[in-house]
Amino acid sequence: MACILGYARDAIICAFREKRLIRRTRIIRKAEFVQSELDQGYRGSYGRGTCPFASDYSKYDGNQKEPVTPPQNGAGIGQKFTWGPTFFEGFKNFPGTRFVYDIPFAKLNRSNSLAQAKEALHSIGMENLEALEIGNEPDLYVRQGVRSKPYGPAEYSAEWKAYSDWLVASLGLPNKPLFQALTFAGATDGQGDRAWTPHNALDAGMASGGRIKTVSIHHYQRTNSTAGLQCKSENELRRNPVFMFQKLTGSATFMNHTALVSSLSAHKRNFMWMQTNHLKMGRVLGESGRYTTSGSSIDNSEGIWAGALWTADYLMYTMTLNVSRVHMQLGQVFGYAAWHPVTIGDISPQVRSPYYGHLFAADFIGKSNAFRVKELDTGDDLSAVYAGYDAGVLNKMAIINFDVWRGDGSRPTRSFKIQIPAGVKSVQVRTLTSAGGATTSGSFSWAGQTWTHQNNGVASPEHPSSVSIKAVDGFVNIAVGASEAALILL
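About the cut-offs
- Residues numbered from 1 in each chain as written.
- Predicted model: local features only at pLDDT ≥ 70, side-chain atom pairs only at ≥ 80, totals over all residues.
- Heavy atoms only, no water.
- Helix = DSSP H or I, 4+ residues; strand = E, 2+ residues; numbered from the N terminus.
- Buried < 20%, exposed > 50% of the residue type's maximum accessible area, 1.4 Å probe, protein only.
- Contact = heavy atoms within 4.5 Å.
- Areas by Shrake-Rupley, 256 points an atom, 1.4 Å probe, with all protein chains shown as cover.
- Salt bridge = Lys/Arg side-chain N within 4 Å of Asp/Glu carboxyl O.
- Phe/Tyr/Trp six-rings, centres within 6.5 Å; stacked < 30°, edge-to-face > 60°.
- Lys NZ or Arg CZ within 6 Å of the ring centre and 35° of its normal.
- Pairing = 2+ DSSP bridges.
- Expected span 1.5 Å × (residues − 1).
- Core = buried A, V, L, I, M, F, W, Y, C linked by side-chain atoms within 4.5 Å.
- Axes fitted to C-alpha atoms, helices over the stretch in contact; angles between N-to-C directions.
- Parallel < 35°, antiparallel > 145°, perpendicular 65-115°, else oblique.
- Left-handed = near helix turned anticlockwise from the far one by under 90°.

Looking at an unreviewed UniProt entry, the protein chain carries the name Beta-glucuronidase C-terminal domain-containing protein, with the source organism given as Conoideocrella luteorostrata.

This is the structure in structure tokens:
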């Protein structure tokens, strides 16, 4: 068992004794024709062939000269697009990238679905196809007006099974697991056979035939905005109505590890059921992100430094749920987007704070298939600690300090005393930080390096930096600054 003794500002962590290991997770970015730009930590690149909502309600016109009409106008999730043949040529711009393509299902227009699928598979190539999705968020179809009550998981299962059988026959697809199923808008603990759970859908017939490779459930954590990252008292909650919906320990939910874990509790139970009953099916968070209390995906205050820490924590915690992949949502000027590629309105092209969270998590994961991760309970909402093992041997630790520092005065630190395996004489520590603190929108760095639009996304300087800390009597003391994270390499 791992032993963690919590104090006001200190923790003694004996991670190397932990035996419950969680298998590694690949972090995947979901976007239109986006290939991972990282040169470390990812074993492969994945893309998503259009936003699934846009694709589910899209049409194909083989005579259209423009790639897409109407063109995207402003921010947010586009919809009701019509694709022309040249749109699909974009897949060829990223050789070696594997794609998940979403086939329209909402309107049950088979001719449209087949035309799109043929164009997509021609451009992607079967060798680069990770999976096909049929539709998007069917649990919302009644609300969207494309199905009638009492449409539920059993009806969806029957429709999906018929559609997948038809697609395999019409496209001449191999008879093997090739589909990413479910794509639910979220997870539920609902009871009864009408609840949109993996159990009700898969056991209604979807799983028969062996066509499902992975299942996808979407998740967006709703957090407070940047008006106050953490509020500690009921009086403070009353003075700030934006926080009134928060019940968890009287604290805000943005820079709060306990809130993040709580937001995924239903997903955890769903995924644990999958692991017990459908072990061979991979489990995917097919859309992931974070909304603020504004209820908008384009609240660009989400791009402050706190977003990098949230992203790193999110990606590392979801590893412990035995999730196969995480697709972090990207979109035109989405607040939680890792970068903005073009100028839109008053928003210029830029690398944003969540990108640094991706870098941190990627370096924590590394490239080994034998990597496993364990969350260590600190008993504290405002810190997160993870231990990483390669072939059962502790070789990395990650620590996030969610204490808010806004750049005023000297930066407070927390001290973490870590017991390390015998024979380890010293550790290397890399730091994820922003010189301006939690609420700044610039001056970011990971291991001493920065990535910017001005240098075309190339790390500067060329090599990462780290600090060596010697062990004393089998322990190392790691100081982690407020609003910072540290990666410890053994």
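Right, picking up where we left off after that structure.
Right, let's get into the overall build of the protein chain. The secondary structure content of the protein chain amounts to eleven helices and 25 strands. Expressed as a percentage of the 490 residues in the protein chain, the buried residues total 55%. Summarising the internal contacts of the protein chain: among those between residues at least 6 apart in sequence, 72% fall at separations of at least 24. Looking at the protein chain as shown, the accessible area adds up to about 19700 Å², and 51% of this sits on carbon and sulfur atoms.

What follows is about the pattern of salt bridges. A side chain of one charge can pair with a side chain of the opposite charge if their charged atoms are brought near each other. For the structure on display, the rule yields eleven salt bridges. When the shortest N-O distance is used, the salt bridge between Arg325 and Glu130 registers 3.0 Å. Taken together, the positions of Arg325 in strand S14 (residues 325-329) and Glu130 in strand S10 (residues 129-134) put the pair 195 residues apart, joining distant regions of the chain. With respect to burial, Arg325 and Glu130 carry one shared label: buried. Here Arg414 and Asp380 are joined by a salt bridge, their closest N and O atoms 2.3 Å apart.

Our focus in this paragraph is the packing of aromatic side chains. What the rule picks out here adds up to 27 aromatic pairs. Ring centres of Phe105 and Tyr156 lie 6.4 Å apart, and the angle between their planes is 75°; this geometry places the pair in the edge-to-face category. Highlighted residues: Phe105 in the loop between strand S9 (98-103) and helix H3 (110-124) and Tyr156 in helix H5 (residues 153-171), separated in sequence by 51 residues. Each member of the pair Phe105 and Tyr156 is classed as buried. These aromatic residues form a ring-pair network of at least three members: Tyr60, Phe81, Trp83, Phe87, Phe88, Phe91, Phe99 and Tyr101. The lysine or arginine in question, Arg147, covers the ring of Phe105, its NZ or CZ lying 5.5 Å from the ring centre. The ring of Phe254 carries Arg290 above its face, with NZ or CZ at 3.8 Å from the centroid.

Before going further, it helps to spend a moment on the sheet that holds strand S7 (residues 68-69). Ordered in space as S6-S8-S7, the three strands form an open sheet in which the pairing is mixed. At either margin of the open sheet sits one strand with a lone partner, and together these are strand S6 (59-60) and S7. Examined bridge by bridge, S6 and strand S8 (residues 82-83) share two bridges and lie parallel to one another. Note that in S8 the partner of Lys59 across the bridge is Thr82.

As a further point, take H5. Its 19 residues give H5 an end-to-end C-alpha distance of 26 Å, which sits within 8% of 27 Å, the value for a rise of 1.5 Å per residue. Within H5, the full set of buried residues consists of Pro153, Tyr156, Ser157, Trp160, Tyr163, Ser164, Trp166, Leu167, Val168 and Leu171. On the buried face of H5, the contacting elements are S9, H3, S10, strand S11 (179-184), helix H6 (198-206) and strand S12 (212-222). Gly172 occupies a position one or two residues after H5 and carries a positive phi of about 65°.

Turning our attention to the nonpolar core. Side chains of nonpolar character tend, in soluble globular proteins, to be buried together. Counting residues in hydrophobic clusters, the biggest one holds 99 residues, and the most contacted among them are Tyr156, Met316 and Tyr356. Contact partners of Met316, with chain neighbours within four places excluded, come to Phe360, Ala361, Phe364, Tyr386, Ala398 and Ile400. By size, the runner-up hydrophobic cluster in this structure holds 17 residues, among which are Tyr389, Val427, Val476 and Ile478.

Another aspect to go through is the packing of H3 against H5. At a closest axis distance of 11 Å, the pairing of H3 and H5 adopts a crossing angle of 50°. As judged from the angle between their axes, H3 and H5 are oblique. In this structure, H3 meets H5 at a crossing whose hand is right-handed. Every residue of H5 that contacts H3 at Arg110, Ser113, Leu114, Ala117, Lys118 and Leu121 is listed here: Ala162, Tyr163, Trp166, Ser170 and Leu171.

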